[in-house]
Each structure stands twice: as C-alpha cells, then as structure tokens.
Amino acid sequence: MPARSRLDELRQAGKPAFARALAEIEAAPWAPATVALLDAAHAASYGRVLGVTGPPGAGKSTLISAIVQGFRADGLRVAVIAVDPSSPKSGGALLGDRARFAFDPEDDGIFVRSMAARDRLGGVAELTWPAVALARALYDRVVVETVGVGQSETEIRDLADRVLLLVQPASGDMLQFMKAGILEIPDLVVVGKADLGPPAERAFRELQAALAHSAGSAPPVHLVSALEGQGMAELFALVRRLLASADGPPEHPPRWLEHWVRERYGRIGCACFRTFRQRFPDDGPFTLLARFARCFEAVLPPR
Ligand SMILES: Nc1nc2c(ncn2[C@@H]2O[C@H](COP(=O)(O)OP(=O)(O)OP(=O)(O)O)[C@@H](O)[C@H]2O)c(=O)[nH]1
Ligand SMILES: [Mg+2]
C-alpha cells in the first residue's frame with residue numbers, strides 16, 4: 001500500500017492501529033514500507049510538540065495529565081509519549097512503567113505510549129523520533145515526557161517545538177540546573193507542587209531571582225499545583241499560546257537528525273553524515289537515515 005494511503009488509513013483507524021504501527025517501526029525500522037510511511041508522515045506533519053522534562057518524581061506525568069485535559073477541552077487530539085529512564089544493564093524500565101497518567105481509556109482523542117530509553121539514563125529513546133514524527137501527522141498535539149538528567153535536555157530541545165522544565169520545591173535542582181546551563185533550554189519553567197506551601201514559594205522566588213540575573217531573555221516561571229489546580233489556568237493559557245505560535249511543521253531536514261546519527265555512530269559518524277546528506281537533498285529524513293545507515297554499517301567491522 002502506498003505510504004500516503006497507509007497514513008490516511010491510520011488517521012481513520014484510531015489508537016490500536018497507531019499502536020500497531022509503532023510496534024512495526026520498532027520491529028523493522030529500516031523496512032522500506034516503514035521508511036516510506038515515516039517520510040510521508042514527516043511531509044504531512046501538522047501537530048505541535050510540547051516537551052516536558054524535569055528530574056525524577058517532579059510531577060511531570062501529573063502535570064501532563066492536567067495539560068492534556070486542557071487540550072481536549074479545546075477539541076484537540078493528543079498523543080503522549082513518555083520516555084522512561086531505563087537500566088543500562090537490563091534495557092528495561094528502571095521502575096517498571098513509570099507513566100502514571102490519569103486519562104479516560106475510552107477517549108480515542110488521547111493516545112499514550114511509554115518507551116524505555118535504552119542505552120543510558122534519561123534522554124530520548126531511539127524509537128521516540130519516529131514515534132513523534134508519526135504522531136505529528138495524526139494528532140494536533142504531541143507531548144513528550146523525558147527525565148531530565150543533563151544531556152537529554154538538548155535532545156528534547158531539538159525534538160519539541162516548545163519545552164517546559166518542571167522543578168521540584170526544596171530539591172536543590174535549581175542550583176544544579178543553573179550550573180549546567182539547563183535553564184537556557186526551556187521556553188517556560190514551572191515550579192510544581194505549589195500545594196506544599198512555603199518550600200514551593202521559596203523555590204519560585206529563588207528561580208525568578210536567578211533568571212532575572214541570567215544573560216539573554218529569561219523564560220517565564222510559573223508556580224502551580226497540578227494536583228489541586230492552583231495556577232493551572234494561567235499555565236495552560238501560556239502553553240496553548242506558545243504551541244499555537246510555534247513555527248509549524250518541522251523544518252527540513254529536521255534538527256534531530258544529527259542527534260540521532262551522533263547517538264548511534266558517534267562524532268565521526270556525524271561528520272560523515274554532514275557530507276553524505278548533501279548528496280541527497282531530496283531524500284525525506286527517514287530515507288536519508290536508512291541510506292546512511294546502510295552505507296555506514298557496510299564499512300564497519302561486524303559487531
Ligand atoms: N503535593 C503534590 N504532589 C504531586 C503533585 N504533582 C505530582 N505529585 C506527586 O508526585 C509524585 C510523582 O508524580 P509523577 O507525576 O509521577 O512525577 P514524574 O515526574 O512523572 O515522575 P517520573 O516519571 O517517575 O520521573 C506522585 O506521588 C504524585 O502524586 C502536586 O501538584 N502536588
Ligand atoms: Mg512520569
């Protein structure tokens with residue numbers, strides 16, 4: 001079946017079909033039909049992507065549940081992709097399925113998939129890129145949850161149109177984030193669990209003060225309680241506005257391509273890729289990756 005009609009069929013068929021398509025991508029990422037489907041999705045992309053990152057247990061999934069309800073109330077269809085930090089040894093999720101969302105399973109307008117970030121702690125899983133590409137052609141909004149432990153923040157920056165960093169009161173996160181320069185990445189910073197009272201307010205004031213002294217334009221800071229709703233209306237209004245004003249369909253080639261190549265083939269692979277891609281300017285991103293993988297792996301010694 002031509003990739004375009006497959007995409008149309010997926011649009012009609014709802015959640016189980018999308019889940020099956022993701023399983024196929026996972027099983028045969030370089031199959032010609034997979035590559036064609038993903039490039040068709042990339043070309044037909046319309047959804048906007050919100051990345052939500054922050055330390056373990058900060059309340060990301062709870063906040064995402066609340067934001068998704070807001071999107072649904074706006075009549076938007078939403079896909080949520082949660083990347084679990086995984087154990088480098090077992091390759092499995094560290095704490096089982098950490099995606100704790102409160103969604104109505106009967107609602108066909110919300111799709112949820114959690115995936116293990118295989119090779120390291122935090123960051124984006126290899127399947128996240130194709131999953132987001134496909135989701136952008138099927139859903140109005142795509143929310144990606146990642147556990148922020150340093151390097152992953154830059155990955156989410158390239159994958160998402162807008163990035164929300166969630167921090168936990170009284171955790172010392174702020175100091176760490178400032179040192180690591182992570183506060184430059186998000187479009188907005190949220191201090192969660194406002195219902196905890198004074199520690200949350202203190203964290204909020206500290207963050208505002210820190211950002212006021214930072215060079216360049218500082219992201220706005222919000223204090224919210226996703227559990228009790230405090231500050232959520234204002235936050236949602238901002239998220240809605242930020243996504244609506246995002247640049248629209250991803251640029252070509254997408255920024256995440258080089259991340260993917262570097263992740264898989266290292267710095268040398270990335271340097272080769274830069275030259276390689278110039279020879280195939282008309283390739284869709286997934287066709288280009290498949291072509292590169294074929295060539296690059298052909299010259300590598302067998303593993
Ligand atoms: N008091 C309070 N607790 C919250 C709030 N939001 C989340 N929590 C609690 O914080 C804990 C972690 O919440 P999650 O939403 O699973 O956090 P997470 O950041 O997605 O966690 P991981 O995915 O495991 O990194 C749970 O026990 C939540 O009930 C909040 O607004 N107030
Ligand atoms: Mg979570």
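Residues numbered from 1 in each chain as written. Chains lettered and ligands numbered in written order. Predicted model: local features only at pLDDT ≥ 70, side-chain atom pairs only at ≥ 80, totals over all residues. Heavy atoms only, no water.

1. Focus: empty space enclosed by the protein
Summary: where empty space remains is shown by rolling a probe the size of a single water molecule over the atoms.
1) Next: One pass over the full model with this rule turns up 2 cavities of 30 Å³ or more.
2) Next: Taken as a whole, the second largest cavity spans an internal volume of roughly 40 Å³.
3) Next: Leu-10, Arg-11, Gly-14, Phe-18, Arg-77, Leu-138 and Tyr-139 are the residues that line the second largest cavity.
4) Next: Its residues assigned to classes, the lining of the second largest cavity comprises 4 nonpolar, 1 polar and 2 charged.
5) Next: In terms of domain composition, the lining of the second largest cavity takes at least three residues from each of domain 1 (1-44) and domain 2 (45-244). (1 Å grid on protein atoms, 1.4 Å probe; cavity = no way out; pocket = protein on both sides within 12 Å on 5 of 7 lines; lining within 4 Å. Points joined across faces, edges and corners; volume = space filled by probe spheres on them. Nonpolar A, V, L, I, M, F, W, Y, C, P; charged D, E, K, R; others polar. Domains from an automatic or database assignment.)

2. Focus on the nonpolar core
Proteins that are soluble and globular tend to have nonpolar side chains buried together.
1) Next: Core analysis: the largest hydrophobic core is formed by 53 residues, its most contacted members being Leu-7, Phe-18, Leu-134, Val-144, Leu-159 and Trp-256.
2) Next: Core analysis: the next-biggest nonpolar cluster, separate from the first, contains 28 residues, Phe-101, Phe-103, Val-224 and Val-239 among them. (Core = buried A, V, L, I, M, F, W, Y, C linked by side-chain atoms within 4.5 Å. Buried < 20%, exposed > 50% of the residue type's maximum accessible area, 1.4 Å probe, protein only.)

3. Observations regarding the coordination of the magnesium ion (ligand 2)
1) Next: Around the magnesium ion (ligand 2), the protein contributes the donor atoms Ser-61 (OG) and Glu-145 (OE), which lie 2.1 to 2.2 Å from the metal centre. On the criterion of sequence distance, the pair formed by Ser-61 in helix α4 (residues 60-73) and Glu-145 in strand β4 (residues 141-147) is long-range, its members being 84 residues apart. Like Ser-61, the residue Glu-145 is buried in the burial classification. (Donors = N, O, S within 2.8 Å, 3.2 Å for Na, K, Ca; no water. Helix = DSSP H or I, 4+ residues; strand = E, 2+ residues; numbered from the N terminus.)

4. Thoughts on the state of the cysteines
1) Next: One pass over the full model with this rule turns up 0 disulfides.
2) Next: The closest cysteine sulfur to the non-disulfide-bonded Cys-270 is located on Cys-272, 9.3 Å from its own sulfur. (Disulfide = S-S within 2.5 Å.)

5. Some points on the packing of aromatic side chains
1) Next: In the structure shown here, the tally under the stated rule is 15 aromatic pairs.
2) Next: When the ring of Trp-30 is compared with that of Trp-260, the centres are 5.6 Å apart and the planes differ by 85 degrees; the resulting orientation is edge-to-face. One end of the pair, Trp-30, is in the loop between α2 (15-27) and α3 (32-43); the other, Trp-260, is in helix α10 (residues 256-278), with 230 residues separating them in the sequence.
3) Next: Look at Trp-30 and you get partly exposed, because its relative accessible area is 31%.
4) Next: Measuring from ring centre to ring centre gives 5.2 Å for Phe-292 and Phe-296, while their planes differ by 25 degrees; the resulting arrangement is stacked. One end of the pair, Phe-292, and the other, Phe-296, are both in helix α11 (residues 285-299), 4 residues apart, so they sit about a helical turn from each other.
5) Next: Taking the relative accessible area as the measure of exposure, Phe-292 reaches 3% and is therefore buried.
6) Next: Among the aromatic residues, those joined into a cluster by ring pairs are Trp-30, Trp-260, Tyr-265, Phe-273, Phe-276, Phe-280, Phe-292 and Phe-296. (Phe/Tyr/Trp six-rings, centres within 6.5 Å; stacked < 30°, edge-to-face > 60°.)

6. So, the packing of α10 against α11
1) Next: Interaxial distance between α10 and α11 falls to 11 Å at its minimum, and their mutual angle equals 85 degrees. Relative to α11, the element α10 is oriented roughly perpendicular. Seen from α10, the contacting residues are Trp-256, Leu-257, Trp-260, Val-261, Arg-264, Tyr-265, Gly-269, Cys-272, Phe-273, Phe-276 and Arg-277; seen from α11, they are Pro-285, Phe-286, Leu-288, Leu-289, Arg-291, Phe-292, Ala-293, Cys-295, Phe-296 and Glu-297.
2) Next: Looking at side-chain class alone, the contact of α10 with α11 contains 16 nonpolar, 1 polar and 4 charged residues. (Axes fitted to C-alpha atoms, helices over the stretch in contact; angles between N-to-C directions. Parallel < 35°, antiparallel > 145°, perpendicular 65-115°, else oblique. Contact = heavy atoms within 4.5 Å.)

7. A word on the sheet that holds strand β5 (residues 162-167)
1) Next: Strand order in the open sheet made by the 7 strands is β3-β2-β4-β1-β5-β6-β7, with parallel pairing throughout. Looking at the sheet topology across the chains shown, the edges are occupied by β3 (110-117) and β7 (221-223). Geometrically, the sheet is characterised by an average inter-axis angle of 20 degrees between neighbouring strands, direction not taken into account.
2) Next: Its contacts with the sheet put helix α8 (residues 198-212) on β5, β6 (188-191) and β7, and the angle it makes with β7 is roughly 175 degrees. (Pairing = 2+ DSSP bridges.)

8. Details of the pattern of salt bridges
1) Next: For the structure shown, the criterion picks out 12 salt bridges.
2) Next: A salt bridge links Glu-258 to Arg-274, with the shortest nitrogen-to-oxygen separation between them at 3.0 Å.
3) Next: A single salt-bridge network, built from bridges that share partners, covers Glu-258, Arg-262, Arg-274 and Arg-277. (Salt bridge = Lys/Arg side-chain N within 4 Å of Asp/Glu carboxyl O.)

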